[in-house]
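# Chain and residue survey
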Amino acid sequence: MSKIEEVAAAVEKGKVKIVAGLVQEALDEGASAAEILNTGMIGAMAVVGEKFKNNEIFVPEMLIAARAMKKGVEVLTPHLKAAGTESAGKLILGTIAGDLHDIGKNLVGMMIEGAGFEVIDLGVDVPAEKFIEAMKENPDCKIVALSALLTTTMPAIKDTIDAIVAAGLRDTVKIMIGGAPVTQAFADEVGADGYSEDAASAAELAKKLKADWEK
Ligand code: B1M
């Protein structure tokens, strides 16, 4: 078994205590942080999700796998963050109301930080009012980024965008959205300015939205 396969197996089985060490060993053996993340950990979470869907495992196992992944991500964080020198500006990020998933959102935040942005992370289960409050407190913030992992919480993206419109703030920011069930078609439907599929492309999108803003 390769070291990356060992990382994947440890995440899948929720072996919280050994994941960090295995990730470090994989790095020491020359594997890239992106490879460990994508092939090892995100791959393992896909297996966990599939098993959950098939009733082979339940929420506690899913939670333990998530904890194990977080331990591994902690080791990868300094390797994933590129050295952003000049600040690209502020970006408000959060997982939408009703949704507690934050691993993907945290990766997105990390990559966007790596692209030089100051990320104001509001956490999970963030109501529309909290996004609006943060926008009012940070009038220089030009991008709001919304994450959703459940089909049942996707409507909260629309609710949040609608609330931003109703607060008269829509013209002050670009809004980007993402998360496993989210699509470009959904982004178009709810009036978001951009959608991205993964954390790396989210950082690219944030840079593009900033450039569009400055045009
Ligand atoms: Co949940 N869960 N979960 N869960 N969970 C999923 C999402 C699910 C697909 C599993 C399944 O059934 N196969 C399913 C959703 C089905 C659906 O809606 N279609 C599901 C369910 C049903 C639930 C509960 C309802 C279960 C229950 O209680 N009966 C419940 C809901 C709780 C709630 O939120 N209110 C629940 C709970 C949980 C845990 C708390 C146990 C745990 C989360 C722990 C945590 O995050 N701290 C959990 C987990 C771990 C998962 C799976 C297994 C893994 C999620 C994950 O971290 N993936 C997941 C199955 C799966 O995804 N395969 C599942 C790894 C992560 C790196 O990927 O989050 O997709 P992801 O992020 C990616 C992209 O999506 C993108 O970039 C990231 C990195 O590349 N991205 C963005 C994300 N946000 C973005 C924002 C952007 C741009 C890109 O711009 C702003």
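All of these numbers come straight from a predicted model, not from anything done at the bench. (Residues numbered from 1 in each chain as written. Predicted model: local features only at pLDDT ≥ 70, side-chain atom pairs only at ≥ 80, totals over all residues. Heavy atoms only, no water.)

### A word on the site of the ligand
Around the ligand, 37 residues are found, and the nearest of them are Gly49, Leu100, His101, Asp102 and Ser147. Here a nitrogen atom of the ligand and a backbone polar atom of glycine 49 are 2.8 Å apart. The contact in question runs from an oxygen atom of the ligand to an N or O atom on the backbone of threonine 151, over 2.9 Å. Contributions of two or more residues to the shell around the ligand are made by helix 3 (33-53), helix 4 (59-80), helix 5 (103-114), strand 3 (143-147), strand 4 (174-178) and helix 9 (199-214). Broken down by element, the shell around the ligand gets its largest block of residues, seven residues, from helix 3. Here the residues of the shell around the ligand are counted per class, giving 22 nonpolar, nine polar and six charged. Domain assignment of the residues forming the shell around the ligand places at least three in each of domain 1 (3-82) and domain 2 (90-214). (Near = heavy atom within 4 Å. Polar contact = N/O pair within 3.5 Å; in protein donor to acceptor, adjacent residues only side chain to side chain. Helix = DSSP H or I, 4+ residues; strand = E, 2+ residues; numbered from the N terminus. Nonpolar A, V, L, I, M, F, W, Y, C, P; charged D, E, K, R; others polar. Domains from an automatic or database assignment.)

### Concerning the sheet that holds strand 2 (residues 117-121)
With respect to topology, five strands assemble into an open sheet ordered 2-1-3-4-5, the strand pairing being parallel. Two strands bound the open sheet, and with one partner strand each, they are strand 2 and strand 5 (194-195). Sheet topology note: the strand 4/strand 5 ladder contains two bridges and is parallel. Residue pairing in the sheet places isoleucine 177 in a bridge with tyrosine 195 of strand 5. With respect to the sheet, helix 5 is in contact with strand 1 (89-95), strand 2, strand 3 and strand 4, its orientation differing from that of strand 2 by roughly 155 degrees. Those strands touched by helix 9 are strand 1, strand 2, strand 3, strand 4 and strand 5, and its axis lies near 165 degrees from that of strand 4. (Pairing = 2+ DSSP bridges. Contact = heavy atoms within 4.5 Å. Axes fitted to C-alpha atoms, helices over the stretch in contact; angles between N-to-C directions.)

### A look at the coordination of the cobalt atom of the ligand
Here the protein supplies the cobalt atom of the ligand with just one donor, His101 (NE2), and that contact is 2.2 Å long. Tracing the chain through its elements places histidine 101 in the loop between strand 1 and helix 5. (Donors = N, O, S within 2.8 Å, 3.2 Å for Na, K, Ca; no water.)

### Considering the packing of helix 2 (residues 16-28) against helix 4
One way to put it is that helix 2 packs onto helix 4 with a least axis distance of 8 Å and a crossing angle of 35 degrees. In terms of crossing hand, the pair formed by helix 2 and helix 4 is right-handed. Within the contact between the two elements, helix 2 uses Val16, Val19, Ala20, Val23, Gln24 and Leu27 and helix 4 uses Ile64, Arg67, Ala68, Lys71, Gly72, Val75, Leu76 and His79. Residues of the contact of helix 2 with helix 4, tallied by class, amount to nine nonpolar, three polar and two charged. (Left-handed = near helix turned anticlockwise from the far one by under 90°.)

### Description of the pattern of salt bridges
The full count for this structure, using the stated rule, is 12 salt bridges. The shortest N-O distance in the salt bridge between aspartate 162 and lysine 158 comes to 2.8 Å. Placement of the pair is aspartate 162 and lysine 158 together in helix 7 (residues 154-166), with a separation of four residues, close to one helical turn. Overall, aspartate 162 belongs to the partly exposed group, its relative accessible area being 35%. Since its relative accessible area comes to 37%, lysine 158 is described here as partly exposed. A salt bridge links glutamate 204 to lysine 207; its shortest N-O distance comes to 3.4 Å. One end of the pair, glutamate 204, and the other, lysine 207, are both in helix 9, three residues apart, so they sit about a helical turn from each other. When salt bridges that share partners are traced, they join Lys3, Glu6 and Glu25 into one network. (Salt bridge = Lys/Arg side-chain N within 4 Å of Asp/Glu carboxyl O. Buried < 20%, exposed > 50% of the residue type's maximum accessible area, 1.4 Å probe, protein only.)

### Some words on the domain arrangement of the protein
A common measure of how large an interface is: the accessible area buried when the components associate. Partitioning the protein into structural domains gives domain 1 (3-82) and domain 2 (90-214). Measuring from the centre of the C-alpha atoms in domain 1 to the corresponding centre in domain 2 gives 25 Å. Buried area between domain 1 and domain 2, summed over both chains or domains, comes out near 750 Å², and the portion from carbon and sulfur atoms is 75%. Counting across the domain 1 and domain 2 interface gives one salt bridge. Between lysine 70 and aspartate 102 there is a salt bridge, and its shortest N-O distance comes to 3.0 Å. Here domain 1 and domain 2 share one residue pair in polar contact (both at pLDDT 80 or more) between them. Ranked by residues supplied to the side of domain 1 that touches domain 2, first place goes to helix 4 with six residues. Looking at side-chain class alone, the side of domain 1 that touches domain 2 contains eight nonpolar, one polar and two charged residues. (Buried area = accessible area lost by both parts, 1.4 Å probe.)

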